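Take a look at the letters that make up each chain.
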Amino acid sequence: MVLKLETGLKLVCATHNPGKAIEIAELLDGRFEVVTAGALGLPEPEEVEATFVGNAVLKARAAADASGLITIADDSGLSITALGGAPGIYSARWAETDAGRDFAFAMDRVEREVKAAGGGDHAWFTSALAVAWPHGAVAAVEGRVDGRLVFPGRGSNGFGYDPIFIPKGESETFGEMDPARKHAQSHRARAFDKLKAALF
Ligand code: ITT
């Protein structure tokens, strides 16, 4: 069976991260009727897998089975060569504080740990996207963008670690770029290109 996503269908976006939800909506470009897992009151499953793809599939599967609707999920993060790939799949967890998520705190930790490791500014973002059919098939793709870290962070666009990441060939951070420029080269946009080729 060839799986395709028909234009106009109702699609759950299984993210509770508002920054990510905005980017996914922009990258889907009005093609579907998107409803978020948060709006449907779906619970957030624990991300227990060891890979981006594993966790994207887990999130898509949980929301699709609970809602009875085709679901897209993203698992993503920043990996730093000097830190052996950390924080990677733990990127969101590095921002956890008693008062909730704090990415200034997470970016400070990155700076401290990179210094302690002897430096080295190479890093990359990964986005794994999974689409799951309720109690059925699942498809997953992954996109990546390489670049370098800069401290202190710059810019207030985007979300998460965007202020400290400059993609290869650019001089601005993702936090300084306007959204269209980030979408022209981001890990998430690259994953979407693969997803579109496979399912649209
Ligand atoms: P959901 O699981 O509900 O989708 P989450 O924020 O917990 O939301 P992840 O587990 O995939 O999602 O965590 C990924 C983290 O990596 C995210 O919180 C961001 O801080 C960071 N991240 C991912 N993509 C990013 C991007 O494009 N720019 C900046 N930071 C990004």
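Given the structure is predicted, the values throughout are model-derived calculations rather than measurements.

Q: Outline the overall build of the chain, listing residues and values.
A: Broken down by element type, the chain carries five helices and eight strands. When the helices and strands of the chain are placed in sequence order, the string is β-α-β-α-β-β-β-α-β-β-β-α-α. Taken over C-alpha atoms, the radius of gyration comes to 17 Å for the chain, in line with the 16 Å a tight globule of 200 residues would show. Considering the chain as a whole, with its 200 residues, one finds that 44% of them fall into the buried category. Put simply, of all contacts in the chain between residues at least 6 apart along the chain, 59% involve residues at least 24 apart. Roughly 9400 Å² of accessible area belongs to the chain as shown, and the carbon and sulfur atoms make up 52% of that amount. Once the 21 positive and 27 negative side-chain charges of the chain are each reduced to a mean point, those two points are 4 Å apart.

Q: Any chance you could break down the pairing of strand β2 (residues 33-36) for me, citing the residues and the numbers?
A: Across four bridges, the pairing between strand β1 (residues 10-13) and β2 is parallel. Within β2, the residue paired with V12 across the bridge is V35. Handedness of the crossover joining β1 and β2 through helix α1 (residues 18-28): right-handed.

Q: Mind laying out the packing of α1 against helix α5 (residues 187-199), listing which residues take part and the relevant values?
A: Running from amino to carboxyl end, α1 crosses α5 at an angle of 40°, the nearest separation of the two axes being 11 Å. Between α1 and α5, the interaxial angle falls into the category oblique. Where α1 crosses over α5, the two elements pack in a sense that is right-handed. Judged by residue contacts, K20, E23, I24, L27 and L28 of α1 engage R188, A189, F192 and K196 from α5. Of the residues belonging to the contact of α1 with α5, the class tally is five nonpolar, no polar and four charged.

Q: Quick one: what's the story with the site of the ligand, residue by residue and with numbers?
A: Around the ligand, 23 residues are found, and the nearest of them are T15, K59, R101, D162 and K182. H16 places a polar main-chain atom, nitrogen or oxygen, 2.8 Å from an oxygen atom of the ligand. The separation between an oxygen atom of the ligand and a polar main-chain atom of S76 is 3.0 Å. More than half of the atoms of the ligand fall within 2 Å of the grid points belonging to the largest pocket. Counting residues per element, the ones that place at least two in the shell around the ligand are β3 (71-80) and α5. The element best represented in the shell around the ligand is β3, accounting for four residues. Of the residues contributing to the shell around the ligand, the split by class is five nonpolar, eight polar and 10 charged.

Q: Any chance you could break down the sheet that holds strand β8 (residues 165-167) for me, citing the residues and the numbers?
A: Pairing is mixed across the open sheet formed by six strands, whose spatial order is β2-β1-β3-β6-β7-β8. Both outer strands of the open sheet, β2 and β8, are each paired with one neighbouring strand and no more. The sheet shows a mean angle of 35° between the axes of neighbouring strands, taken without regard to direction. Where β3 lies against strand β6 (residues 122-132), 10 bridges are found, and the strand directions are antiparallel. Bridge assignment links I80 to a residue of β6, and that residue is A123. Packed on one face of the sheet, helix α2 (residues 52-67) meets β1, β3, β6 and β7 (138-149) and runs near 155° to β3.

Q: Account for the layout of surface pockets, naming residues and giving values.
A: Picture a little ball the size of a water molecule; that probe, rolled over the atoms, points out where space is still empty. In this structure, the largest pocket spans a volume of roughly 690 Å³. Lining the largest pocket are 34 residues; nearest its centre among them are N17, K20, E47, A92 and R101. No other element matches β3, which puts five residues into the lining of the largest pocket. By residue class, the composition of the lining of the largest pocket is 13 nonpolar, eight polar and 13 charged.

Q: A description of α1 should follow, citing residues and the corresponding values.
A: Note: α-helices contain 3.6 residues per turn, so residues at a spacing of three or four share the same orientation. Taken as a whole, α1 has its buried residues at G19, K20, E23, I24, L27 and L28. Down the axis of α1, the smallest arc covering the buried residues is 160°, so these residues share one side. Each element contacted by the buried residues of α1 is listed here: β1, β2, α2, β3, α4 (179-183) and α5. Sitting at the head of α1, N17 places a side-chain oxygen 3.0 Å from the backbone nitrogen of G19. Two residues or fewer after α1 comes D29, characterised by a positive phi angle close to 55°.

About the cut-offs
- Residues numbered from 1 in each chain as written.
- Predicted model: local features only at pLDDT ≥ 70, side-chain atom pairs only at ≥ 80, totals over all residues.
- Heavy atoms only, no water.
- Helix = DSSP H or I, 4+ residues; strand = E, 2+ residues; numbered from the N terminus.
- Rg over C-alpha atoms; globule rule 2.2 N^0.38 Å.
- Buried < 20%, exposed > 50% of the residue type's maximum accessible area, 1.4 Å probe, protein only.
- Contact = heavy atoms within 4.5 Å.
- Areas by Shrake-Rupley, 256 points an atom, 1.4 Å probe, with all protein chains shown as cover.
- Lys, Arg positive; Asp, Glu negative; His and termini not counted.
- Charge placed at Lys NZ, Arg CZ, Asp CG, Glu CD.
- Pairing = 2+ DSSP bridges.
- Right-handed = clockwise from strand over helix to strand, strands pointing away.
- Axes fitted to C-alpha atoms, helices over the stretch in contact; angles between N-to-C directions.
- Parallel < 35°, antiparallel > 145°, perpendicular 65-115°, else oblique.
- Left-handed = near helix turned anticlockwise from the far one by under 90°.
- Nonpolar A, V, L, I, M, F, W, Y, C, P; charged D, E, K, R; others polar.
- Near = heavy atom within 4 Å.
- Polar contact = N/O pair within 3.5 Å; in protein donor to acceptor, adjacent residues only side chain to side chain.
- 1 Å grid on protein atoms, 1.4 Å probe; cavity = no way out; pocket = protein on both sides within 12 Å on 5 of 7 lines; lining within 4 Å.
- Sits in = over half its atoms within 2 Å of the grid points.
- Points joined across faces, edges and corners; volume = space filled by probe spheres on them.
- Arc of directions from axis to C-beta.

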